Amino acid sequence: MAFEFLYADWLGKPLWMWFVFLGIVVALLVFDLGILHRETREIGVRESLVMSGVYLSLGMLFGAWLWWQLGATAGMNYVTGFAVEKALAMDNVFVMAMIFAYLGIPAKYQHRVLFWGILGVIVLRAVMIGAGAAVVSQFSWVLHVFAVFLIATGIKMLAFADKEYDVGSNPILRFMRRRFRVTDELHGEKFFVMQPNAAGAKVRYMTPLFMALVLIELADVIFAVDSVPAIFAITTDPFIVYTSNIFAILGLRALYFALAAMIHRFHYLKYALAAVLIFIGGKIIGADLLGIEKVPAVVSLGVTFTLLISGVVWSLYKTRATSGVSEERM
C-alpha cells in the first residue's frame with residue numbers, strides 16, 4: 001500500500017484521517033475566537049442556537065463521512081457515541097451554570113472561560129482515551145469492569161438525581177482560596193492581575209475568572225470518568241471514541257448560552273441519562289449471557305435515542321408550566 005507509512009496501529013486509523021479531523025477542529029476554534037468573538041461581548045440565545053446548529057451539522061456530516069469511509073457499523077457507533085456524549089455533557093452544563101453563578105461571572109466573560117476550557121478538554125480527553133484504548137487492547141476484561149462501573153454510576157444517578165451540585169463545598173475551590181492569592185472582584189477578562197500585597201510589593205493574583213476555568217476543567221474530568229467508559233462500551237475504536245467526544249463537546253459549549261437560560265426545563269433528562277448508562281453497561285454483560293460477541297450497533301443506537309428522546313420530551317412536558325417564565329428571561 002502506497003500510504004502504509006501513514007497508518008499507526010495504536011491510533012486505530014490512518015494518520016490522514018486524524019489530520020482531517022484535527023484540521024476541522026482547529027479551523028472551528030480559530031473561526032470562533034479569531035473572527036466571531038474577537039471582542040468581549042455577551043452571546044445571545046439566537047447566536048447560541050445558530051452556532052450549535054452549525055456544530056451539530058458538522059458533527060453529523062463527519063459521522064456520514066465515517067459511514068462512507070468505514071461502513072455502517074462504524075457510522076452507527078459514531079452517532080451513538082456522539083448522542084451519548086452530548087446528552088451526558090448536558091448534565092455538565094448544569095454544573096457550569098452553577099459555577100458561573102456562584103463566582104459571579106457575567107455572561108459576557110463566560111465565552112472566554114468556555115473557549116479556553118475546550119482546549120483543555122481536547123488535551124485531557126486525548127490522554128484519557130489514549131490510556132483507555134491502550135488498556136482495553138491489552139486487557140479485554142477491562143470492558144466488563146467498565147460495564148459494572150456504568151451500571152453502578154447509573155444507579156447512583158437515579159438515587160441522587162434531585163441533589164444539586166454545591167459549588168461552595170468544592171475542595172479545589174477551598175484549596176485555591178487558602179493557598180493562593182485571589183482577588184475578590186473580576187478584572188475584565190483577565191485570568192491573572194498584578195496587585196500590591198500587604199507589604200506594598202506588586203505580586204500576581206488569580207481572579208475569579210481563572211477559578212471558574214479550573215472548576216470547569218475539573219468538572220469535565222469528573223464527567224469524563226462516566227462518558228469515556230460509556231463510549232468504550234459502545235466501540236473500542238479510539239478514533240470513533242475521540243472524534244464523537246470532541247464534536248459533541250464543541251457543539252454543547254456553543255449551545256451553553258441557550259441551555260443556561262432554560263436548564264430547569266431538562267430536569268428529568270438525568271433519569272434518561274441514568275437509564276442509558278445502565279443499558280450500555282448491561283448490554284456488555286447481556287451479550288456474554290446470550291453467547292453473542294456484542295449487541296448490534298443498530299440496537300444500541302435505537303435504544304439510546306429512544307431513552308434520550310423520551311427524557312427530553314417528558315422533561316419539557318412536566319415543566320411546561322414554567323416555559324413562559326423562561327421565555328421572558330430569554
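On a predicted model such as this, the values are computed, not experimentally measured, just so you know.

A. Broad picture of the layout of surface pockets. Here the second largest pocket is characterised by a volume of approximately 440 Å³. Looking at the second largest pocket, it is lined by 18 residues, and the ones nearest its centre are A83, K86, A87, M90 and V312. Among the elements of the structure, α2 (45–70), α3 (72–103), α8 (238–259) and α10 (297–318) are those that each provide at least two residues to the lining of the second largest pocket. The residue makeup of the lining of the second largest pocket, split by class, is 15 nonpolar, two polar and one charged.

B. A look at the confidence of the model for the chain. Counting all residues, the mean pLDDT for the chain is 79, and 86% of those residues have values of 70 or more. Looking across the chain, the model is least confident in helix α11 (residues 323–329), with a mean pLDDT of 48, and most confident in strand β2 (residues 202–206), with 89. The low-confidence segment residues 1–10, where pLDDT is below 50, has 10 contacts with residues more than four positions distant or belonging to other chains. In this model residues 325–330 is a low-confidence stretch, pLDDT under 50, and it forms five contacts with partners more than four residues away in sequence or in other chains.

C. Inspection of empty space enclosed by the protein at higher detail. Evaluated as defined, the whole model comprises two cavities of 30 Å³ or more. Roughly 190 Å³ of internal volume is contained in the largest cavity. Contributing to the lining of the largest cavity are 16 residues, with D32, Y55, H111, R253 and A254 lying nearest its centre. Of the residues in the lining of the largest cavity, the class split is 10 nonpolar, three polar and three charged. One number sums up the size of the second largest cavity: a volume of about 80 Å³. The set of elements that each furnish at least two residues to the lining of the second largest cavity consists of α3, α7 (208–232) and α8. Broken down by element, the residue count for the lining of the second largest cavity peaks at five residues, all from α3.

D. Expanded view of the environment of M128. Note on placement: M128 falls in helix α4 (residues 107–138). Residues M128 and V228 lie 100 residues apart in sequence; the distance between their C-alpha atoms is 7.7 Å. Not counting residues within four places of it along the chain, the set of residues in contact with M128 comprises V221, A224 and V225.

E. Structural context of the packing of aromatic side chains. One pass over the structure, following the stated rule, counts 16 aromatic pairs. Taking the centre distance of 4.9 Å and the plane angle of 85° together, the rings of W18 and F239 count as edge-to-face. On the criterion of sequence distance, the pair formed by W18 in helix α1 (residues 15–36) and F239 in helix α8 is long-range, its members being 221 residues apart. In this structure, W18 and F239 share a single accessibility class: buried. Between F21 and F247 the ring centres are 5.6 Å apart and the planes differ by 65°, which places this aromatic pair in the edge-to-face class. Of the two residues, F21 is situated in helix α1 and F247 in helix α8; the sequence distance between them amounts to 226 residues. F247 carries the same exposure label as F21, and that label is buried. Site record: aromatic cluster; members linked through ring pairs are W16, W18, F21, F62, W65, Y78, F82, F239, Y242 and F247.

F. Representation of the environment of K156 in the model. With respect to the helices and strands, the residue K156 is situated in helix α5 (residues 142–159). For K156, a relative accessible area of 54% corresponds to the exposed category.

G. Spotlight on the pairing of β2. Relative to β2, strand β1 (residues 192–196) is paired through five bridges, and the arrangement is antiparallel. From the neighbouring strand, F192 faces β2, where its bridge partner is M206.

H. Focus on a nonpolar patch on the surface. Together, V135, F139, W141 and V145 line one region of the surface with nonpolar side chains, adding up to about 390 Å² of accessible area. With relative accessibility at 52%, the residue W141 sits in the exposed group.

I. Layout of the nonpolar core. Of all hydrophobic cores here, the largest spans 57 residues; its most connected members are I99, F100, L103, V113, Y256 and I280. Looking at this core, the elements with two or more residues in it are α3, α4, α5, α6 (171–179), α7, α8 and α9 (269–290). The dominant element in this core, judged by the number of residues it contributes, is α3, at 14 residues. Those residues in contact with V113, other than ones at most four positions away along the chain, are F100, F191, L209, A212, L213 and I216. Within the second largest apolar cluster, 42 residues are counted, among which are I118, V121, V142 and I246.

J. Geometry of α3. Across its 32 residues, α3 extends 46 Å between first and last C-alpha, which sits within 8% of the 46 Å expected from 1.5 Å per residue. Among the 32 residues of α3, 27 are classified as buried, and the element is accordingly described as predominantly covered. Two residues or fewer after α3 comes G104, characterised by a positive phi angle close to 65°.

K. Representation of the environment of M176 in the model. Among the structural elements, M176 can be located in helix α6. For M176, a relative accessible area of 5% gives the class buried. Linking M176 and V214, residues 38 residues apart in sequence, is a C-alpha distance of 9.7 Å. Among all residues touching M176, those that are not within four sequence positions of it are V182, M206, M211, V214 and L215.

Conventions adopted
- Residues numbered from 1 in each chain as written.
- Predicted model: local features only at pLDDT ≥ 70, side-chain atom pairs only at ≥ 80, totals over all residues.
- Heavy atoms only, no water.
- 1 Å grid on protein atoms, 1.4 Å probe; cavity = no way out; pocket = protein on both sides within 12 Å on 5 of 7 lines; lining within 4 Å.
- Points joined across faces, edges and corners; volume = space filled by probe spheres on them.
- Helix = DSSP H or I, 4+ residues; strand = E, 2+ residues; numbered from the N terminus.
- Nonpolar A, V, L, I, M, F, W, Y, C, P; charged D, E, K, R; others polar.
- pLDDT = per-residue confidence, 0-100.
- Contact = heavy atoms within 4.5 Å.
- Phe/Tyr/Trp six-rings, centres within 6.5 Å; stacked < 30°, edge-to-face > 60°.
- Buried < 20%, exposed > 50% of the residue type's maximum accessible area, 1.4 Å probe, protein only.
- Pairing = 2+ DSSP bridges.
- Patch = residues over 30% accessible without salt bridge, like charges linked within 9 Å, V, L, I, M, F, W, Y side chains within 5 Å.
- Areas by Shrake-Rupley, 256 points an atom, 1.4 Å probe, with all protein chains shown as cover.
- Salt bridge = Lys/Arg side-chain N within 4 Å of Asp/Glu carboxyl O.
- Core = buried A, V, L, I, M, F, W, Y, C linked by side-chain atoms within 4.5 Å.
- Expected span 1.5 Å × (residues − 1).

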